[in-house]
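Chain residues, written in single-letter form:
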Amino acid sequence: MPSFAYYRLPGKRSYVRLFREGAVGTLPSVEEADGRAGFLIAPFTPNETTPIVLLEPEEVREGVVPEGATFSLPAAQRSENRETYGQAFRAMQQVLRTGQCDKVVLARTATMPIPPLSNEALERFFFAACAAHPHAFVSLFQTPQTGCWLVATPERLLTHENGAWQTMALAGTMACADGACVPINAWSEKNRREQRLVAQYVRDQLSQLTIEPEESETYVRKVGAICHLETDFRFLLPEGLGVGAVLSRLHPTPAVCGVPTESARRAILACEPEPRRYYAGFCGPLNLLHETRLYVNLRCLEVMPSLLRFHAGGGLLPESNEEDEWLETQRKMAAPLEHLTAPSSATLSGEE
Ligand SMILES: C=C(O[C@@H]1C=C(C(=O)O)C=C[C@H]1O)C(=O)O
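What you see is a predicted model; the values in this text were computed from it and never measured.

### Regarding the overall build of the protein
1) Next: Broken down by element type, the protein carries 6 helices and 19 strands.
2) Next: Computed over C-alpha atoms, the radius of gyration of the protein comes to 19 Å, within 12% of the 20 Å expected from 2.2 N^0.38 for 352 residues, which places it in the range of a compact globule.
3) Next: Each principal axis of the C-alpha distribution contributes one length, and for the protein these read about 55 × 50 × 40 Å.
4) Next: Counting over 352 residues, the protein shows a buried share of 56%.
5) Next: Expressed as a percentage of contacts within the protein between residues at least 6 apart in sequence, the contacts between residues at least 24 apart total 75%.
6) Next: Surface summary for the protein: the accessible area is close to 14500 Å², and the carbon and sulfur share equals 49%.
7) Next: Each charge sign in the protein was given a centre, from 33 positive and 42 negative side chains, and these centres are 3 Å apart.

Written out as structure tokens, the structure reads:
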């Protein structure tokens, strides 16, 4: 099976398509990414069935996303199990209430039937997702190890831009009333705490690497029909430190895993009914076309031969409410297909 990856960086009109006929290599750990070049795809937790994959392209094509690209899927219901989510939620509540974790991110899946999609249809799907999410990192990749995924994510894990490295703490979620951005003073203490835990984790991890980042104010970021809280970090890499060391410190942040990391990871593996696979991992170009831009695999779906499998989650604290969290995962799941079938009215200068 040939492998390919399309990607479009946030705010850009141009995209890149990578292609490889031959076998695709895997990496034993993200530290091994140092000095390598290709499209990197890392799972939430590497294992034999979901390895870290590096697509080293035999062919690279650059192009421009067609203006007003659209893509239609036949109308179908998402199939999801509220009861299974409830059980997992209650198990996570125990983990939080017994003090094993301060925060844990609970995710779930849903499926939707689709007709088989040709490679040409997949390309149109990717173009339409780019048009619908102008401020997201959009990618569609397929390799024998990962299967096929579409991602339209707002969350940077590690990028090199304008002469510095950047990461972010993105967490806390509110629905936008009437499509408007939720003002910063309207955010609950619970949402703020969820996001502060991520920001503190980023500071701590960078500090262990002797990195003292420049930090932005925490602000509200509108991402489609929902808003998040975001703090941005900028830094230079100390002499002799590789990208792999930073990646292995940052991933998985408490935006997708929890605090403390290892207890949260164990709770996720024990309580979530479906494996996350590449959801909540990360992907993007590594030293490709002079760029390293790695993003967290969120607002994503697996494209399977006759169905789409959606993945979404949300951060839980001891006081979280089950129904609110369920609705949050529904909103996040709707995100990748949002605006997909009509020309996007969003502009590159405005919010998404
Ligand atoms: C886990 C997801 O999103 C992450 C979790 C958030 C939250 O808990 O509020 C917000 C943004 C993301 O960092 C997801 O989209 O599935």
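### So, helix H4 (residues 243-250)
1) Next: Residues of H4 that are buried: Val243, Gly244, Val246, Leu247 and Leu250. In a view along the axis of H4, the buried residues occupy a sector of 160°, so they form one face of it.

### Observations concerning the sheet that holds strand E19 (residues 307-316)
1) Next: With respect to topology, 9 strands assemble into an open sheet ordered E6-E2-E1-E8-E9-E18-E19-E7-E15, the strand pairing being antiparallel. Both edges of this open sheet fall to strand E6 (59-64) and strand E15 (258-259), since each of them pairs with a single strand only.
2) Next: Docked against the sheet, helix H1 (residues 82-97) engages strand E7 (103-113) and E19, running at close to 170° with respect to E7.
3) Next: Sheet contacts for helix H6 (residues 322-334): E7 and E19; angle to E19, the most-contacted strand, approximately 135°.

### Section: the site of the ligand
1) Next: If you check the shell around the ligand, you find 17 residues, and the closest are Glu155, Thr173, Tyr279, Arg299 and Gly315.
2) Next: Between the ligand and Glu155 there is a distance of 2.7 Å, counted from an oxygen atom to a side-chain nitrogen or oxygen.
3) Next: Gly172 is positioned such that a nitrogen or oxygen atom in its backbone is 3.1 Å from an oxygen atom of the ligand.
4) Next: Burial of the ligand by the protein amounts to 100% of the accessible area it has alone, namely 390 Å².

### What to know about the packing of aromatic side chains
1) Next: The full count for this structure, using the stated rule, is 14 aromatic pairs.
2) Next: Aromatic side chains Phe126 and Phe127 sit 5.8 Å apart centroid to centroid with 50° between the ring planes, which places their arrangement in the tilted category. For the pair formed by Phe126 and Phe127, the shared burial category is buried.
3) Next: Here Phe137 and Tyr295 contribute two aromatic rings whose centre-to-centre distance is 4.3 Å and whose plane-to-plane angle is 10°, an arrangement assigned as stacked. Here Phe137, found in strand E8 (residues 137-143), pairs with Tyr295, found in strand E17 (residues 293-296); they are 158 residues apart in sequence, far enough to count as distant.
4) Next: For Phe137, a relative accessible area of 0% gives the class buried.
5) Next: Given the relative accessible area of 3%, Tyr295 is considered buried.

### Looking at the UniProt feature "domain: Chorismate-utilising enzyme C-terminal" (unreviewed entry) in the protein
1) Next: The positions that UniProt labels "domain: Chorismate-utilising enzyme C-terminal" (unreviewed entry) are, in the present scheme, residues 82-332.
2) Next: The distance from the first to the last C-alpha atom of residues 82-332 is 15 Å, and the span holds 32% helix and 34% strand.

### Some points on the pattern of salt bridges
1) Next: Across all of its chains, the model carries 25 salt bridges by this definition.
2) Next: Among the ionic pairs, Glu161 bridges to Arg293, the shortest N-O distance being 3.6 Å. Highlighted residues: Glu161 in strand E10 (residues 156-161) and Arg293 in strand E17, separated in sequence by 132 residues.
3) Next: Classification of Glu161 by relative accessible area gives buried; the value is 15%.
4) Next: Glu328 is the partner of Lys332 in a salt bridge, and the nearest nitrogen-oxygen pair spans 2.8 Å. Within this pair, Lys332 and its partner Glu328 are both found in helix H6, separated by 4 residues, close to a single helical turn.
5) Next: What you see here is one network of salt bridges that share partners, running through Arg82, Glu83, Arg90, Glu322 and Glu323.

Reading the values: the criteria
Residues numbered from 1 in each chain as written. Predicted model: local features only at pLDDT ≥ 70, side-chain atom pairs only at ≥ 80, totals over all residues. Heavy atoms only, no water. Helix = DSSP H or I, 4+ residues; strand = E, 2+ residues; numbered from the N terminus. Rg over C-alpha atoms; globule rule 2.2 N^0.38 Å. Buried < 20%, exposed > 50% of the residue type's maximum accessible area, 1.4 Å probe, protein only. Contact = heavy atoms within 4.5 Å. Areas by Shrake-Rupley, 256 points an atom, 1.4 Å probe, with all protein chains shown as cover. Lys, Arg positive; Asp, Glu negative; His and termini not counted. Charge placed at Lys NZ, Arg CZ, Asp CG, Glu CD. Arc of directions from axis to C-beta. Pairing = 2+ DSSP bridges. Axes fitted to C-alpha atoms, helices over the stretch in contact; angles between N-to-C directions. Near = heavy atom within 4 Å. Polar contact = N/O pair within 3.5 Å; in protein donor to acceptor, adjacent residues only side chain to side chain. Phe/Tyr/Trp six-rings, centres within 6.5 Å; stacked < 30°, edge-to-face > 60°. UniProt positions renumbered as here; feature names shortened; annotations may be inferred. Salt bridge = Lys/Arg side-chain N within 4 Å of Asp/Glu carboxyl O.

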